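Overview (structure and organization)
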Amino acid sequence: MVVTWDGADGVLSGEVAGWALDSATDAIIVIDGEGLVRAWNRACVDLFGFTKEYAVGRDVDFMIPPRLRDGHHRGFTSAMERGALASDGAARRTKSLRADGGTVYIDMTFAMLHDDRGTAIGAVAVARPASDRDTPTHGRKRYRGQLVDVTFDSALCNHNGQCVRNMPEVFDTSKRPWINPEAAESPADAERLRTTVFNCPTGALQILAPDAPDDDASAG
Ligand code: SF4
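Residues numbered from 1 in each chain as written. Predicted model: local features only at pLDDT ≥ 70, side-chain atom pairs only at ≥ 80, totals over all residues.

1. Describing the overall build of the chain
Inclusion rule: In this description a helix means any DSSP run of H or I spanning at least four residues, a strand means any run of E spanning at least two, and both kinds are numbered starting from the N terminus. With C-beta atoms placed from the backbone, a residue is labelled by how many other C-beta atoms lie within 10 Å of its own: buried for 20 or more, exposed for 12 or fewer, partly exposed between the two. We call two residues in contact when the distance between their C-beta atoms, placed using the backbone, is within 7 Å.
Helix and strand counts for the chain stand at six helices and eight strands. Reading the chain from its N end, one meets helices and strands in the order α-β-β-α-α-α-β-β-β-β-β-α-α-β. Across its three principal directions, the C-alpha atoms of the chain cover 70 × 35 × 30 Å. Looking at the chain as a whole, 23% of its 220 residues are labelled buried. Sequence-distant contacts, at least 24 apart, represent 47% of the contacts inside the chain between residues at least 6 apart.

2. Quick word on the sheet that holds strand 2 (residues 37-40)
For the record, the criterion: When DSSP finds at least two bridges between two strands, those strands are taken to pair. Fitted lines through C-alpha atoms give the axes, limited to the stretch in contact for helices. The angle between two N-to-C directions lies from 0 to 180 degrees.
In spatial order, the strands read 2-1-5-4-3; together these five strands make up an open sheet with antiparallel pairing. Taken across any chain shown, the strands that pair with only one partner, and hence form the sheet edges, are strand 2 and strand 3 (92-97). If you compare each strand with its neighbour and ignore which way they point, the axes differ by 35 degrees on average. In this structure, strand 1 (residues 27-32) lies alongside strand 5 (residues 120-129), joined through six bridges in antiparallel fashion. Paired with Val-30 across the two strands is Val-124, which belongs to strand 5.

Here it is, written out as structure tokens:
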């Protein structure tokens, strides 16, 4: 078999690029500007269980847990508008849905995809399972408030500081304890706290009703 390595423009031929994607051991997802999956390599099938036929052409929401979708949409829309990521490109710990109905913790990097004129046309995500060393312990600590309790699993936190920026009166790493749900005094504050917790991208934060038992600390 004769392999045509590159086309007239000197870049890999589409066929070779496809083989390269499928030979990679990391899961590689290419998303267009509308958030639709355009490439889903073999490692994606192994990691997430969704077939290429299912994933390609579908909104990437199918692999994002519902409570993380708003945060994803905001970040993706603003990155497409600016043509650049807000983050430093470092791997982020997050949780993804699997085809079998379960979830998997992954470390994921993102990069913007630009055309040859520099216009952002989508994004590339590269994911691998969170290493054993970093596997969440689910050793959750509970922080009590008047209206709502918050639990925190430090093994899941990727220290992006989102909670601190969104609600500094509750999340303040210079204080001990660093989470103080008591500062959410009104129903409106409690609602803002719930939203902040729901938008935690890794699931490190969770909400617990004040009357829930301690052994229910993973709920919610
Ligand atoms: S939002 Fe979640 S992952 Fe980010 S710093 Fe807060 S607890 Fe950690």
